[in-house]
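The residues making up each chain are set out below.
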Amino acid sequence: MDSGGVRGGTLVTTGIAERSWCVVVPHEASGARTARLRLATELAGVIPAELLADVVAVLAELVGNAVRHADPLPGGVIRVAWRLRNGSGADVVGIRVTDGGAATSPRVRPLGLDADDGRGLHIVTALATEWGVERDGLGQSVWAELAVPADHRLVTLH
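For clarity, every value in this text was computed on a predicted model and none was experimentally measured.

Points about the overall build of the protein chain
Looking only at helices and strands, one finds three helices and seven strands in the protein chain. Each helix and strand of the protein chain, placed in order from N terminus to C terminus, yields the pattern β-β-β-α-α-β-β-α-β-β. Counting every position in the protein chain, which comprises 158 residues, the buried fraction comes to 41%. Considering only intrachain contacts with a sequence separation of at least 6, the fraction spanning at least 24 residues in the protein chain is 62%.

Observations regarding the side chain of Gln140
Structurally, the position occupied by Gln140 is in strand β7 (residues 139-147). For Gln140, the side chain forms a polar contact with the side chain of Arg135, separated by 3.0 Å.

A few points about the confidence of the model for the protein chain
With 73% of its residues at a pLDDT of 70 or more, the protein chain shows a mean pLDDT of 81. Below pLDDT 50 for its whole length, residues 1-7 participates in twelve contacts with residues either more than four positions away or in separate chains. Considering only residues more than four positions removed or in separate chains, one finds that residues 10-16, a stretch of pLDDT under 50, has 20 contacts.

Digging into helix α1 (residues 29-43)
Taking 1.5 Å per residue, 15 residues should reach 21 Å; α1 reaches 22 Å between its end C-alpha atoms and fits that length. Here α1 has its buried residues at Gly31, Ala32, Ala35, Arg38, Leu39, Glu42 and Leu43. One side of α1 holds all its buried residues, which, seen down the axis, span an arc of 135 degrees. What points out from α1, more than 90 degrees from its buried face, is the exposed set Ala29, Leu37 and Thr41. Gly45 occupies a position one or two residues after α1 and carries a positive phi of about 80 degrees.

Some words on the pairing of strand β6 (residues 130-136)
In terms of strand pairing, β6 meets β7 through seven bridges, oriented antiparallel. Its bridge partner being in β7, Val133 is matched across the sheet by Val142. What sits between the antiparallel neighbours β6 and β7 is a turn of two residues.

Examining helix α2 (residues 49-69)
Structural remark: α-helix, 3.6 residues per turn; residues separated by three or four positions point the same way. Its 21 residues give α2 an end-to-end C-alpha distance of 30 Å, which sits within 8% of 30 Å, the value for a rise of 1.5 Å per residue. Considered for burial, the residues of α2 that qualify are Leu51, Leu52, Val55, Val56, Val58, Leu59, Glu61, Leu62, Val63, Gly64, Asn65 and Ala66.

Procedures and definitions
- Residues numbered from 1 in each chain as written.
- Predicted model: local features only at pLDDT ≥ 70, side-chain atom pairs only at ≥ 80, totals over all residues.
- Heavy atoms only, no water.
- Helix = DSSP H or I, 4+ residues; strand = E, 2+ residues; numbered from the N terminus.
- Buried < 20%, exposed > 50% of the residue type's maximum accessible area, 1.4 Å probe, protein only.
- Contact = heavy atoms within 4.5 Å.
- Polar contact = N/O pair within 3.5 Å; in protein donor to acceptor, adjacent residues only side chain to side chain.
- pLDDT = per-residue confidence, 0-100.
- Expected span 1.5 Å × (residues − 1).
- Arc of directions from axis to C-beta.
- Pairing = 2+ DSSP bridges.

Here's what the structure looks like:
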């Protein structure tokens, strides 16, 4: 396995055409901005611009929800990871946001047209091919996967 450093995060590449990054950001609004900028910088030119916009939107919603609704991890942070993977049928961009957990699990809420908030997971559901929540003894991770369009296979990642 080849490894290489990426300023402010970790880049890991493997022989199975996978690339992943992980960064730790503050559990505050500035952390969401930092995560969006890092992801956009890392994936610009690697995935189509339209998909990049969708991936950034999903990341923004997941980090924003972690800041608003969940406790931080120890140290007052949130862990943000993304992964590019050559799948058997389609290439995938995966996003995972890990926080200290909340009293209730993230879920899509019914909302009216005049609701002031609550649209975040509706956006994630509309843009991602799938998403979910995993809990462990340290907190929770909310993850989402977005498919790379069939006409734009990822270059071999190594």
